[in-house]
Amino acid sequence: VDAAMAGLRGALRGRENAEEAALKALSALAAECAANQRRAKALGARTILLDLQAASPKNAFLQECAREASEAVHSGENVAGRLFATDYGKRFSTCSQIADAALRGI
């Protein structure tokens with residue numbers, strides 16, 4: 001994640017040949033796990049991605065890559081809300097009290 005973000009910062013300084021590769025790397029890393037998403041957010045991914053899009057408005061491929069990277073970085077934000085909207089989530093949205101601690105494996 002750190003290397004991908006560094007590549008994106010470098011792309012903003014004019015190294016355009018690296019920006020598409022860095023965007024693809026960030027997308028893959030962020031989609032891989034929540035820890036990578038949090039790290040990308042902590043490094044300012046949202047601002048960098050918006051700046052890249054603004055810097056290259058005519059590059060359709062770059063715009064698509066930046067959009068995909070942004071979706072990957074922010075994909076885990078609404079998981080709980082989407083889960084509780086399902087039938088399963090509605091059925092199991094409340095916890096059941098277990099009176100005897102031995103039944104909880106304690």
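Cut-off values and rules
Residues numbered from 1 in each chain as written. Predicted model: local features only at pLDDT ≥ 70, side-chain atom pairs only at ≥ 80, totals over all residues. Heavy atoms only, no water. Helix = DSSP H or I, 4+ residues; strand = E, 2+ residues; numbered from the N terminus. Buried < 20%, exposed > 50% of the residue type's maximum accessible area, 1.4 Å probe, protein only. Areas by Shrake-Rupley, 256 points an atom, 1.4 Å probe, with all protein chains shown as cover. Axes fitted to C-alpha atoms, helices over the stretch in contact; angles between N-to-C directions. Parallel < 35°, antiparallel > 145°, perpendicular 65-115°, else oblique. Left-handed = near helix turned anticlockwise from the far one by under 90°. Contact = heavy atoms within 4.5 Å. Arc of directions from axis to C-beta. Salt bridge = Lys/Arg side-chain N within 4 Å of Asp/Glu carboxyl O.

(A) Structural detail: the overall build of the protein chain. Summing up its helical and strand segments, the protein chain has seven helices and zero strands in all. For the protein chain, the N- to C-terminal ordering of α and β elements is α-α-α-α-α-α-α. Residue burial in the protein chain is summarised as follows: out of 106 residues, 25% are buried. As presented, the protein chain carries roughly 7100 Å² of accessible surface, and 55% of it is formed by carbon and sulfur atoms.

(B) Representation of the packing of helix 4 (residues 45-55) against helix 5 (residues 60-73). As a packed pair, helix 4 and helix 5 sit with axes 9 Å apart at the nearest point and diverge in direction by 165°. The orientation of helix 4 with respect to helix 5, classified from their angle, is roughly antiparallel. Between helix 4 and helix 5 the crossing geometry is left-handed. Contacts between helix 4 and helix 5 involve Ala 45, Leu 49, Leu 52 and Gln 53 on the former and, on the latter, Leu 62, Gln 63, Ala 66, Arg 67, Ala 69, Ser 70 and Val 73.

(C) Representation of the environment of Ala 3 in the model. In this structure, Ala 3 sits in helix 1 (residues 2-12). For the pair Ala 3 and Ala 25, spaced 22 residues apart in sequence, the C-alpha separation works out to 8.9 Å.

(D) Geometry of the side chain of Ser 27. Secondary-structure assignment places Ser 27 in helix 2 (residues 16-32). In this view, Ser 27 contacts Cys 65, Glu 68, Ala 69 and Ala 72; residues no more than four positions away in its chain are not counted.

(E) Representation of the side chain of Ser 56 within the structure. Along the polypeptide, Ser 56 turns up in the loop between helix 4 and helix 5. Taking relative accessible area as the criterion, Ser 56 reaches 10% and is therefore assigned buried. If we skip the residues at most four places from it in the chain, Ser 56 touches Glu 19, Leu 62 and Gln 63.

(F) Molecular detail of helix 4. Those residues of helix 4 lying buried are Ala 45, Ile 48, Leu 49 and Leu 52. The buried residues of helix 4 occupy an angular sector of 100° when projected down its axis, which confines them to one face. Among the exposed residues of helix 4, those pointing more than 90 degrees away from its buried face are Arg 46 and Ala 54.

(G) Geometry of the pattern of salt bridges. A full pass over the atoms with the stated rule returns three salt bridges. For Glu 64, the salt bridge goes to Arg 67, with nearest N and O atoms at 2.4 Å. With Glu 64 and Arg 67 both in helix 5 and three residues apart, this pair spans about one turn of that helix. A relative accessible area of 34% places Glu 64 in the partly exposed class. Assessed through its relative accessible area of 35%, Arg 67 is described here as partly exposed. When the shortest N-O distance is used, the salt bridge between Arg 67 and Glu 71 registers 2.2 Å. On the criterion of helical spacing, the pair formed by Arg 67 and Glu 71 is a turn pair, its members being four residues apart in helix 5. Exposure remark for Glu 71: the relative accessible area of 46% places this residue in the partly exposed category. Among the ionic contacts, a cluster of salt bridges with common partners joins Glu 64, Arg 67 and Glu 71.

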